[in-house]
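Summary of the model geometry
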Amino acid sequence: MLNRLPIEVNPYYLIEQRRILDGRIPLRTLSRIQELTRSNEGDVAVYLEFIRTDTGLPTIKGTLDTTISLQCQRCLGLYNFEINSEFEVVLITTDAEAERLQDSYDTWLVENDKIFIKDFVEDELLLSLPAIAKHEDCELNEAAKFVAFDVNSIEIKQMEQKDNPFAVLKDIFKN
Ligand SMILES: [Zn+2]
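Rules and cut-offs
Residues numbered from 1 in each chain as written. Predicted model: local features only at pLDDT ≥ 70, side-chain atom pairs only at ≥ 80, totals over all residues. Pairing = 2+ DSSP bridges. Helix = DSSP H or I, 4+ residues; strand = E, 2+ residues; numbered from the N terminus. Axes fitted to C-alpha atoms, helices over the stretch in contact; angles between N-to-C directions. Contact = placed C-beta atoms within 7 Å. Expected span 1.5 Å × (residues − 1). Buried ≥ 20, exposed ≤ 12 C-beta atoms within 10 Å, placed from the backbone.

**Notes on the pairing of strand 3 (residues 43–52)**
- Of the pairings in the sheet, the one linking strand 2 (residues 20–26) to strand 3 comprises seven bridges and is antiparallel in character. Paired with Ile-20 across the strands is Glu-49, a residue of strand 3.
- Inspection of the sheet shows strand 3 paired to strand 4 (residues 58–71) by eight bridges, in the antiparallel sense. If you follow Ile-51 over to strand 4, its bridge partner there is Thr-59.
- Connecting the antiparallel pair strand 3 and strand 4 is a turn made up of five residues, with Gly-56 showing a positive phi of about 90°.

**Some thoughts on the sheet that holds strand 5 (residues 78–92)**
- Spatially, the five strands line up as an open sheet ordered 2-3-4-5-6, and their pairing is mixed. Because the sheet does not close on itself, it has two edges, and the strands there are strand 2 and strand 6 (106–109). Strand after strand, the sheet turns through a mean of 30° between neighbouring axes, direction not considered.
- On the sheet, helix 4 (residues 117–128) packs against strand 2, strand 3, strand 4, strand 5 and strand 6 and is oriented at approximately 120° with respect to strand 5.

**Structural notes on helix 4**
- Relative to the 16 Å expected for 12 residues at 1.5 Å per residue, helix 4 spans 17 Å between its end C-alpha atoms, a close match to the ideal helical length.
- Those residues of helix 4 lying buried are Phe-120, Val-121, Glu-122, Glu-124 and Leu-125.

**Side note on unusual backbone geometry**
- Phi angles above zero are rare outside glycine, and Asn-112 is one such case at about 55°.
- Checked against the element boundaries, Asn-112 lands in the loop between strand 6 and strand 7 (115–116).
- Here the phi dihedral of Asp-113 falls at roughly 60°; this positive angle occurs in a residue that is not glycine.
- For Asp-113, the location among the structural elements is in the loop between strand 6 and strand 7.

Dropping the structure here:
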């Protein structure tokens with residue numbers, strides 16, 4: 001059973017009430033994630049705590065857990081990438097505030113006192129994905145070693161050609 005999460009929330013209201021949202025979002029409903037995965041199965045376990053930091057900043061603290069099927073950019077095979085993300089994001093309402101805080105905190109710009117839960121979750125997931133999807137131990141790495149070896153033997157052949165005395169003669173005749 002999927003625990004339904006609200007589509008949008010007023011985070012400041014939830015912070016006042018110290019609310020926790022706990023539920024699951026199907027991966028197939030996250031369009032930007034869908035562009036990166038070959039599977040539309042599975043879902044994200046979402047846990048969001050609406051609280052204030054010790055210094056009083058409005059914050060969402062939480063975890064996201066899921067497994068996403070990605071395509072290895074080296075061998076084009078599919079593999080499962082596990083995400084267990086833990087985060088704390090300070091809510092801001094202006095860019096000036098972002099500039100002031102972004103050295104010490106991750107921030108999220110809240111517009112019109114609203115957060116779309118899916119957007120928020122999707123952004124956090126995208127931050128957890130590798131810049132280039134690749135098997136941790138891709139089989140093609142082995143193949144790449146053989147290619148490198150071949151390149152070396154080509155270089156050796158070229159050097160042998162240079163040492164060929166006829167090559168030197170050719171240079172003399174050119175002058
Ligand atoms: Zn691979």
